[in-house]
Structures are given as C-alpha cells and as structure tokens.
Amino acid sequence: MKVLAIQRAEQFSPNSVEKDNAIMEAVVSRLRQQGHEVSIVREGADCLSHVASSSRLSATPSDSSDTFSLIITMSRLPETLEWLKLQQGSRVINSAEGIARCARKEIDALMRRIGTPMPPTEGADGYWLKRGDMAAQTKDDVQYAADLQDLEEKKSQMQARGITDIVVSAHVKGDLVKFYGVLGTGFFRCFYPTDDGGSKFGDEALNGKAHHYAFQTACLHQQAEQLAAQAGILVYGGDCIVRADGTYCMIDFNDWPSFSRCREEAADAIVKRVMMEMEECNEKSR
C-alpha cells in the first residue's frame, strides 16, 4: 500500500512540535514494518507541490495508478484541507471535512446538537473565551476571564487581533481530565495533566491539583465516540472537567492529538484503524 503521511504545520503545535511529530513517526514506522511504502512530509507552502510532482497527485482529482491508497494527516491549514478534499482516489484519516468540524465554533455547535455534556454559558467562577475559527495557535487564543468586565475586555483584545469568531463558556470547578481515543478500536485513555505537569499553556493550574473524583469513564468513552463519529474524526482527543459529584462536562475536542502520555498504545490503535479502513475499501471494490 502506498501511503502519504502529512505532519502538522508547526504553528498549530504550540509547545508540542516534537510530541506531534513523534506520534506520526510512530505510526509511519509501524506501517513501514508491515511493508507499506510511506512518504512523510510537513504541511506548508511547498508540501503539496512536492507531493504532486512526485506522485502525479494534483489540484484536481486523479485516477492514476500512482495515487496514494491512504493519506494519514494531522493537517490544519485551510489550503491543505482544500487539497485533501480533491484526492478522491485516496482514503484520508482524518478527513478534511472532519478536521474542519473540529474548529471550536463548529464543534461547539455539534456538541450542543447531539447532547454532549458541556459547561454552562454563565457562572460565578469566571469564563473561558476561545477563538472559534480554528485551533489555538498561541496562548492568547484561549483565555480565562475573571468576570464579565474582564470577559468583554478580552473579547475586544481578540477582535483587535482579527478574531471575530469567539466561543465563551463558564469556568467549571473540578478535575481536568485529558482523554485520547481511536474510533471503533476500543482504545480510550484518560489522564490527569496536573499529575505529570505536562501542559501547553499552563491553563490547567486554574483548576488546581487533581482530586481524582470518581466518574464513569465508560460513559465518557461512549460520548466521545459518538461525538467523533458525528464529526467524522477517527483519531481524536479532548478535555473534560469532572466535578466533585462525579458529573462531568466536555470542554475541548480535537483531531489527532499528540498522544504523548500513551503514544505507543495509540500508534498501535491508529494502525489498527487504518487496516479497518482499507479492508472496508477492499470490500466495497469487490
């Protein structure tokens, strides 16, 4: 099988470039060990022209025998997503459409439609505002506001940076839990970032050290899988807050995280999902 692996543009890996590289490289290594021909590139200005010239893929759909059977991608640049939509001869994980649905404004609306537990829009413990048009690139794209006045000031600051799509939710007290999954494989893991100190921007500190409140992991898994399926994302991750009473709300959902806390297991599960996808393609072609 001929495979193209596309690394994420560094601007979308704030403080996580090495971790994001590592999960893709782990998957590529496993595919190569199975005998597949894998090319790996980083998305950016020269990436697609290089791929097109080397494989005869282009800006238009191709029926060439030289096309990639599979494209695995951590892409987020709009031009990369548009290019991926045109590669009709290739199976793409995650799909361009699914990645686009993970923009904060889109995933927020989807979560509300399907009944995913979410934080309230108002509360007495402050607010979070996040850019809604795409994934966070800097610390300023996700900010905490202590009260309504602070919220309005920080909204104005975002708008001054040209960010007009802004999603707001109330701060929820409780344990911050990060989760990672691969749709339909049974792989799902949860971690408390304050246990190991790993953080992109340090925002986890606002909730304090985890109390490890008991909650139903199986229910979170089920709801995360439902959201992933509705979004069209096979490789996913996110964050939730577990309250002292065991209830929880999901505060973030992303396409293809770094899986840095469970990389080797995750890479095995991603390759398993890849094989499931290719088997499905083969079944349809018979």
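Anything mentioned here points back to the structure above.
Residues numbered from 1 in each chain as written. Predicted model: local features only at pLDDT ≥ 70, side-chain atom pairs only at ≥ 80, totals over all residues. Heavy atoms only, no water.

A. Seen up close, the packing of aromatic side chains. Per the stated rule, a full pass over the model turns up seven aromatic pairs. With a centroid separation of 6.1 Å and an interplanar angle of 70 degrees, the aromatic rings of F215 and Y248 are classed as edge-to-face. Taken together, the positions of F215 in the loop between α7 (193-196) and α8 (217-231) and Y248 in strand β11 (residues 248-255) put the pair 33 residues apart, joining distant regions of the chain. The class of F215 is buried, set by a relative accessible area of 16%. Of the aromatic side chains, those joined through ring pairs into one cluster are Y180, F187, F191 and F259. Directly above the ring of F68 sits K2, whose terminal nitrogen or CZ lies 5.1 Å from the centroid. (Phe/Tyr/Trp six-rings, centres within 6.5 Å; stacked < 30°, edge-to-face > 60°. Helix = DSSP H or I, 4+ residues; strand = E, 2+ residues; numbered from the N terminus. Buried < 20%, exposed > 50% of the residue type's maximum accessible area, 1.4 Å probe, protein only. Lys NZ or Arg CZ within 6 Å of the ring centre and 35° of its normal.)

B. Representation of the sheet that holds strand β3 (residues 70-73) within the structure. Read across the open sheet, the four strands follow the order β2-β1-β3-β4; overall the sheet is parallel. Every other strand in the sheet has two partners, leaving β2 (37-42) and β4 (91-93) as the edge strands with one partner each. The average angle at which neighbouring strand axes cross in this sheet is 15 degrees, direction not considered. Examined bridge by bridge, strand β1 (residues 2-7) and β2 share six bridges and lie parallel to one another. The residue bridging A5 from the neighbouring strand is I40, located in β2. (Pairing = 2+ DSSP bridges. Axes fitted to C-alpha atoms, helices over the stretch in contact; angles between N-to-C directions.)

C. Main features of helix α3 (residues 78-85). Inspection of α3 places T80, L81, W83 and L84 among the buried residues, and these make up the whole buried set. Buried positions in α3, seen along its axis, are confined to an arc of 160 degrees and lie on one side of it. (Arc of directions from axis to C-beta.)

D. Region of interest: the side chain of E43. Note that E43 resides in the loop between β2 and α2 (47-55). Buried charge E43 goes without a salt bridge, the closest partner of opposite sign being R8 at 5.6 Å. Only 3.0 Å separates the side chain of E43 from the backbone nitrogen of A9, close enough to count as a polar contact. Separated by 2.9 Å, the side chain of E43 and the backbone nitrogen of R76 make a polar contact. Sequence-distant contacts of E43, defined by excluding residues within four places in its chain, comprise I6, Q7, R8, A9, F12, M74, S75, R76, L77 and T80. (Lys, Arg positive; Asp, Glu negative; His and termini not counted. Salt bridge = Lys/Arg side-chain N within 4 Å of Asp/Glu carboxyl O. Polar contact = N/O pair within 3.5 Å; in protein donor to acceptor, adjacent residues only side chain to side chain. Contact = heavy atoms within 4.5 Å.)

E. Molecular detail of the nonpolar core. Ranked by size, the top nonpolar core spans 63 residues in total, and within it I72, W256 and F259 carry the most contacts. Of all the elements, helix α9 (residues 263-285) adds the most residues to this core, at seven residues. Listed in part, the six residues of the second largest apolar core include Y127, L129, L151 and I163. (Core = buried A, V, L, I, M, F, W, Y, C linked by side-chain atoms within 4.5 Å.)

F. Main features of helix α5 (residues 104-114). When α5 is considered as a whole, its buried residues turn out to be R104, I107, D108, L110 and M111. All buried residues of α5 fall inside an arc of 165 degrees around its axis, so they share one side. Against the buried residues of α5 lie α4 (96-101), β5 (127-131), β7 (166-170), α8 and β11. Of the residues flanking the end of α5, it is G115, one or two places downstream, whose phi is positive at about 80 degrees.

G. Main features of the sheet that holds strand β9 (residues 187-191). The antiparallel open sheet is built from four strands, whose spatial order is β9-β8-β10-β11. The open sheet terminates on both sides in strands that have one partner only, identified here as β9 and β11. Adjacent strand axes in the sheet meet at a mean angle of 20 degrees when their direction is disregarded. The strands touched by α8 are β8 (175-182), β9, β10 (235-242) and β11; relative to β11, the strand with the most contacts, the crossing angle is about 45 degrees.

Shape is all these values report; function is a separate question.
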